[in-house]
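# Coordinates in review
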Amino acid sequence: MKFSSSLLFLKRSSLILLFCSGSSVAQLTDSSQTDQNNNANAPGGFINRSLQDQIGPGRGEDTVFGASLFLIARDPARSIRRGRQLFQRKFSVAEGLGPRVNDFSNGDITQARALGAGLSDSCAACHGRPRGSAGFGGDVVTRPDSRDAPHLFGLGIVEQLGDEMTSELRQLRTDAIAAAQQNQSIVSVNLVAKGVAFGRLSANPDGTVDTSEVEGVNEDLRVRPFFHQGGTMSMREFVIGAFNDEMGLQAWDPVLCSATDPANPQLAVSPAGFVFDPALDSIERPKVCDPESDADGDLISNEIDPALVDHLEFYLLNYFKPGSYRESGFTRFGKRLMRQIGCTSCHVEQLVVESDRRVADVQTEYDREKGIFNDLFATATTLFEELDDGQPFPKLLPQGNAFVVENFFSDLKRHDLGPAFHERDFDGSRVTGFVTEPLWGVGSTAPYGHDGRSINLDAVIRRHGGEAEASSRAYRRLSRSRQLAITDFLQTLVLFPPDDTASNLNPGNPDADDPQDPDNHGSIDLGALFQTEDGAE
């Protein structure tokens, strides 16, 4: 495989390449499997590399040409693009797809909820709307009342916020313990991270702590922003778990396997920069930690190479955040009403990432003139700096600057929203606490609730009770026009199809009558500019 031309182009025009992508459909097939007649121009396109080609030399090192660590460090555009096409890839039985969780996909669902996860052949099967995005759309029966698959826009930002909040909370605990030991008396401290209150903690002179007044987070103070109940802390665990539970594909991952080694767990850092410290956190161990293992008994081992996990994690780290659609005086009034009736006490409007691990950002906003297909226009910027370490190609490293996450609307804290939100579990228990759902993108993701049982925004607001009862009651008492102002504002928080959204990278062709380019609505991905001599991904 040749990488030189793309890397040289990256050095000349890194902004463009950061958003390179392939076809504009939610799922893609491998041309080596489905293009027997070499019809490379078939509508919808293909992934023009086999799975083995996408693995390349594997993880390697950041000096091993074409390895995942090399691409993430020196050609992040290609890693992002490869991650996207792995996300869209339709896996086959020959590659290890299925069975769901064991050799017969049989068992006791009250003991193994993954039996209800279903069997998908692509990440995009559950996260594929809007078209071509890492969006929403799936539904699984991992709980008796089902779970809706959330969109993945801005997922890397969510992970970073949760991780930084965890560090702030734990630093408060460390400081309280030190003060208690120094003063030889109990020291109590308010737990506040990024302005969000998580109750109180009391430290004793002997180094123990009383967490009975901690709220909305586990006793370990780890903010786990993924899954509705707050079950997972990292994208890497999420990816490896989904491969196994939803697709019957096992990933042996040196990062998580090292951090969860039963005999000698070690601190490990993923290529996307997440720190897994077994001394601080309970980490999810992959089903296999040996490339020769066949945990699901399908006679196929080494189903998901670690390099593929690296690319997917890096892709999701840098994935676009949701956009903002047309605002008006009426919708701005709706936002003010949300503040007045208390919605934003939990749906916190904006938070700050203190040290951003991404290498790029996309700001997508309403623009009637430039948004030639959907009235949205995206502006992409790079967030990396070049480091010459003497290798043929420099490292492109995250700048690590602070970043204000606007229109987020979450505190990433668990709350009890009352009986209408309580969830039955297979063992007869009930889940009562759910992480505040970020509202960015909410205008595109009906139906609502963790179970998809609320058909529209008005219904899900009325459904709120428990800790949100006062705000819900205040909403119900508003005039109909004021209620509409709130829901109309929420409708401005949208997702978008990246291949049909004009941008500063590809503004598209406004002349729909041009026979040479009738379908170019613009894109944020610019796959056409990435056709280097080594071929499309």
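Below or above, wherever it landed, is the structure these notes cover. Since the structure is predicted, the reported quantities are computational estimates derived from the model, not experimental observations. (Residues numbered from 1 in each chain as written. Predicted model: local features only at pLDDT ≥ 70, side-chain atom pairs only at ≥ 80, totals over all residues. Heavy atoms only, no water.)

### Concerning the pattern of salt bridges
The criterion, for reference: When a carboxyl oxygen of Asp or Glu lies within 4 Å of a side-chain nitrogen of Lys or Arg, that pair is called a salt bridge. Only DSSP runs of H or I with at least four residues qualify as helices, and only runs of E with at least two residues qualify as strands; both kinds are numbered from the N terminus onward. The rule is simple: take the accessible area with a 1.4 Å probe, protein chains only, and divide by the maximum for that residue type; under 20% is buried, over 50% is exposed, in between is partly exposed.
In total, this model carries 33 salt bridges according to the counting rule given. Note that arginine 74 is salt-bridged to aspartate 389, the shortest N-O span being 2.7 Å. On the criterion of sequence distance, the pair formed by arginine 74 in helix 5 (residues 68–74) and aspartate 389 in the loop between strand 14 (384–387) and strand 15 (395–398) is long-range, its members being 315 residues apart. The exposure class assigned to arginine 74 is buried, which follows from its relative accessible area of 2%. In the salt-bridge network here, residues are joined through shared partners; they are Arg59, Arg236, Asp253, Asp310 and Glu313.

### Observations regarding the state of the cysteines
Operational definition: Disulfide: a pair of cysteine sulfur atoms within 2.5 Å of each other.
A complete count under the given rule lists 1 disulfide for this structure. A sulfur-sulfur separation of 2.0 Å characterises the disulfide bridge that pairs cysteine 257 with cysteine 289. Note on the cysteine 257 and cysteine 289 pair: the S-S dihedral is about -90 degrees, so by sign convention the disulfide is left-handed. A residue pair is termed long-range when its members are at least 10 positions apart, and cysteine 257 in helix 9 (residues 254–259) and cysteine 289 in the loop between strand 9 (275–276) and helix 10 (306–317) qualify at 32 residues. On the basis of relative accessible area, cysteine 257 is assigned to the buried category, the value being 9%. Here cysteine 289 falls in the partly exposed class, since its relative accessible area comes to 30%. Left without a disulfide partner, cysteine 126 is nearest to the cysteine sulfur of cysteine 123, which lies 8.9 Å away. Residue class for cysteine 126 comes out buried when judged on its relative accessible area of 12%.

### Section: the sheet that holds strand 5 (residues 187–193)
Stated formally: Note: two strands are recorded as paired if DSSP finds a minimum of 2 bridges between them.
In space, the 3 strands of this open sheet follow the order 5-6-7, with antiparallel pairing throughout. One side of each edge strand has no neighbouring strand; the edge strands of this open sheet are strand 5 and strand 7 (209–210). Here 2 bridges tie strand 6 (residues 196–203) to strand 7, and the two strands are oriented antiparallel to one another. Each bridged residue has a counterpart across the sheet, and for serine 202 the counterpart in strand 7 is aspartate 210.

### Overview of the nonpolar core
We apply this condition: To define a nonpolar core, start from buried Ala, Val, Leu, Ile, Met, Phe, Trp, Tyr and Cys residues and group those joined through side-chain atoms within 4.5 Å.
Within the largest apolar cluster, 83 residues are counted, with the highest numbers of intra-cluster contacts made by Phe87 and Phe198. Phe409, Leu478, Ile486 and Phe489 belong to the second largest nonpolar core, which has 21 residues in total.

### Concerning helix 6 (residues 76–88)
Helical geometry note: an α-helix holds 3.6 residues per turn, so side chains three or four residues apart project in the same direction. This is how it is decided: By definition here, a helix of n residues has an expected span of 1.5 Å times n minus one.
The end-to-end C-alpha distance of helix 6 is 18 Å, a good match for the 18 Å that 13 residues give at a rise of 1.5 Å each. Of all the 13 residues making up helix 6, 13 are buried; the element is thus mostly covered by neighbouring parts of the structure.

### Side note on the packing of aromatic side chains
How we decide: Centres within 6.5 Å are what make two rings of Phe, Tyr or Trp a pair, Trp counting through its six-membered ring; a difference in plane orientation under 30 degrees is then read as stacked, over 60 as edge-to-face, and the rest as tilted. Geometrically, a charge over a ring is one whose NZ (Lys) or CZ (Arg) sits within 6 Å of the ring centre while staying within 35 degrees of the ring normal.
Within this structure, the stated rule accounts for 15 aromatic pairs. Ring centres of phenylalanine 87 and tyrosine 315 lie 5.8 Å apart, and the angle between their planes is 55 degrees; this geometry places the pair in the tilted category. Within this pair, whereas phenylalanine 87 is found in helix 6, its partner tyrosine 315 is found in helix 10, the two being separated by 228 residues in sequence. A relative accessible area of 4% means that phenylalanine 87 is categorised as buried. Counting every residue linked through ring pairs, the aromatic cluster contains Phe87, Phe153, Tyr315, Tyr319, Phe320 and Phe496. Geometry around phenylalanine 198 places lysine 413 over its ring, the cationic atom sitting 5.8 Å from the centre.

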